[in-house]
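An overview of the molecular structure
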Amino acid sequence: MTMIYIHEFSTGIEVKRTSDGGWESGGFTGQYMNCTREIPPEILNAISSGEFSLSEGGLQDHPAIVGRQVGGYSVVAVVSRGRDDRGRGLSLYRYFWCEGKDYIEAILRTMISRPSNKVDPLVFDPYNQPPSTGYPLNPDSQPVSLDKLAEYLDSSPPIVIPHEQPCTHLILNEIAKEIAKRQGQDYSWAYKVAALENPWYFQVIYPASSEAEDNFKEVLARRPRDSVFISGEAGIKTAIKAIIKGRVKPEHINSLEIALAHPQIDAQFWNKLLDGLGASKAYKDKIYSEPMVRLLTLKALLIPKFLPDFLIWIQTAPKPDDCWESCRKLQASIVTEYQKNIGGLPCLTRNVKDGIYSLLSRLITKPKSSKSDSTIQHKLRGLVHSKFDIPKLVKATKLLLTQKDGFWSQVYRVSFTKDLADALPKIPDLWEPGIITNYPEEQQKFLTNLQPFWRYPGKTDKNYLSLAQFFEEVEEPHFAAIFYQISTGEVPANIFYSLSRKGNVKKGTLFEMTLIRKKGLLDHIHSALDAGIYFVTENLILIIRRMVIGLLLGTIGLITILLISSLLISLYEKDLQASMDEKIAALEEELKSAQASTTDTNNPETLTEISPENQERFNRTHEAIKAMIKNLTDDINKLETDDKNRIGIPENAHNDKMYIVLFCVKRRLGIDQNFQYGEIGKYNERWQEFSDAIKEYQKSKGANTPDGVIDKDGRIQRWLEEDIRNQCLNPHGG
């Protein structure tokens, strides 16, 4: 069993002996004294941020105690009164700490019970020489009765316990601990204090007097209503201030990562914090100093939707290259921590990916322009970029995502492109509002705007062209092809063929979207061939004859041209015939395929909106399928990767339970996997196709009255669920 020790250190002073055998301070040394071990930087940062500080007049004759979880440590500070050599009073701190966040109660019990001849063994004592190993800790927790104070567990922090209410530091610690546990936070409390520098840094405060109680309530009442208690807020500020100054350490990056995981920290919190350090002023007033570039780089990391504005701000700088270099250096510091353990910064990584989605969305924003001005007017929090156009933003985006040592570029290469590739083929089934909200905010918006292009094949929007060109420039042909298809209705031949050669485009389909190759010169010649060999031949002869007459050449020249013309026509007719034979064979094959389906169900114009009756039948069926997803989750979780591959689940959908269940439903009902489930609740034709398949399944199971509907918890759901469990999801099944 690993032994746990309590370590300590105290305020550093120059100690002077007094005539009565006591001591006084000759001044602060600037270093701590009586240290039993090197002090962790997290604790030092918390102290420098005022997380333990009593303000002037905050100490009376008896000691005050502050308890706080700091990072991965438990810390207790005992603050007592001393005096200097001029007779002035001063507050002296003695800190006790140990590794582990859950030992504040143990520190209090251990230090109070420690044998000593003094009335209070915890107070500051410059002559105390603690053992270098520290004091062994008894980690056993004991029940703490809250008595009448239990009512405060339902209050919102910071809580001020009435001075007239009897209370101990152990009770105060228990209240703070229980409140923090419910909110998923670290906790802190202050006991017998008259004034604190930052009272909102604590869950619970027990004032030293009735007057102190009134003062605390007045100060806390003046705090803005929209502010909330954030445990560790001071540590977050310390990290940001250090980063702005260029002193980036692993613990600073870790502080931001922890803060982003905090349930109460949102964009409003970050905006308020960063604006207090000058972010808004630097942005509006175009202040491009190195500290301000670092500050706005942080803002773009912490608030994803600010990233496009940040790039515009950089590009409008007098010396944008200098700004890019400052931005790159900060990113490089983060990349160092990121590369130590890929995925070790999940919250920062999530923010970076969502910022990239925000950036891509800005590239497709429709310009607001007049006939005389084709530039985009960006009015962003008072800053107007009247001469900033999309091509410049595309250039800035490319630079950001390909920048050497860049955090955005690192995340883009390692995980963003894979995430986007995983999301695109799922878009057809992201029609239900409750599903798409599982994505971060900016990704959700981006994918939502793409849905119509999968639902309505042939729909285009030219505003996506810049996105297609961007992905072509950064050599991502898969995404370039998709966005060329969306923006122009066709894919450049070079991109189409590059994907075909790699085996990524099968039958002209990529990410569940049908791609149409852009026609070139040869395609147009072949189209002419389809019009008929004789028509082309006769027109070619006529053209040549007119050219000859128009030239009015001499007899020799005319004879020569006619001979060449005859030769060309003969060769061309042979080529025409061979091409025609090939075209006819291909046309016959297309006609056979077309005859197999008399209705063009892929054309949204031929579909009719679902009727109320079919809508009700669909709703019943959909509820049953959602229940199946829930019931089959455990079975899906048991599947290994090889099992999913054997079943036929694409790799990009291995973790998508809805996709897997729908895949199996389609298989059991005999429906093509390309059938888009998201459309059956929108169109009569789609619902009828799905309902007919259900009827056939019901008949195969011996149902007396097949109605083409799956009812929640009904026998059809049970039959289908059991078949999927025993066959589709069974590694040894069929």
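From a predicted model like this one, the values you see are computed outputs, not experimental measurements.

1. Structural notes on helix α16 (residues 441-455)
- Under the 1.5 Å per step criterion, the end-to-end length of α16 is 22 Å for 15 residues, consistent within 8% with the ideal 21 Å.
- The axis of α16 is deflected most strongly, by about 25 degrees, at Asn449, and proline Pro452 appears within four residues downstream.
- Of all the residues in α16, the buried ones are Glu442, Gln443, Phe446, Leu447, Leu450, Gln451, Phe453, Trp454 and Arg455.

2. Some remarks on the state of the cysteines
- Within the structure shown, the criterion is met by one disulfide.
- Two residues, Cys664 and Cys728, share a disulfide whose sulfurs are 2.2 Å apart. Classification of the bridge connecting Cys664 and Cys728 rests on its S-S torsion, roughly -70 degrees, and on that basis the disulfide is left-handed. Within this pair, whereas Cys664 is found in helix α25 (residues 657-669), its partner Cys728 is found in helix α27 (residues 715-728), the two being separated by 64 residues in sequence.

3. Thoughts on the side chain of Asn684
- Assignment of secondary structure puts Asn684 in helix α26 (residues 684-700).
- By relative accessible area, Asn684 is classed as buried at 18%.
- For Asn684, the residues in contact, after removing those within four places along its chain, are Thr608, Glu609, Ile610, Ser611 and Asn614.

4. Some thoughts on the pattern of salt bridges
- Applying the stated rule across the entire model yields 32 salt bridges.
- Lys16 is the salt-bridge partner of Asp85, the closest N and O atoms lying 3.0 Å from each other. Of this pair, Asp85 sits in the loop between β5 (73-83) and β6 (89-99) while Lys16 sits in strand β2 (residues 13-17), and the two are 69 residues apart along the sequence.
- Taking the relative accessible area as the measure of exposure, Asp85 reaches 35% and is therefore partly exposed.
- On the basis of relative accessibility, which here comes to 32%, the residue Lys16 falls in the partly exposed class.
- Between Arg362 and Asp309 there is a salt bridge, with its nearest N and O atoms 2.9 Å apart. Of the two residues, Arg362 sits in helix α12 (residues 346-363) while Asp309 sits in helix α10 (residues 307-315), which places them 53 residues apart along the sequence.
- The class of Arg362 is buried, set by a relative accessible area of 16%.
- Residue Asp309 is classed as buried on the basis of its relative accessible area, which comes to 4%.

Rules used throughout
- Residues numbered from 1 in each chain as written.
- Predicted model: local features only at pLDDT ≥ 70, side-chain atom pairs only at ≥ 80, totals over all residues.
- Heavy atoms only, no water.
- Helix = DSSP H or I, 4+ residues; strand = E, 2+ residues; numbered from the N terminus.
- Expected span 1.5 Å × (residues − 1).
- Bend = angle between axes of the 7 residues up to and from the residue.
- Buried < 20%, exposed > 50% of the residue type's maximum accessible area, 1.4 Å probe, protein only.
- Disulfide = S-S within 2.5 Å.
- Contact = heavy atoms within 4.5 Å.
- Salt bridge = Lys/Arg side-chain N within 4 Å of Asp/Glu carboxyl O.

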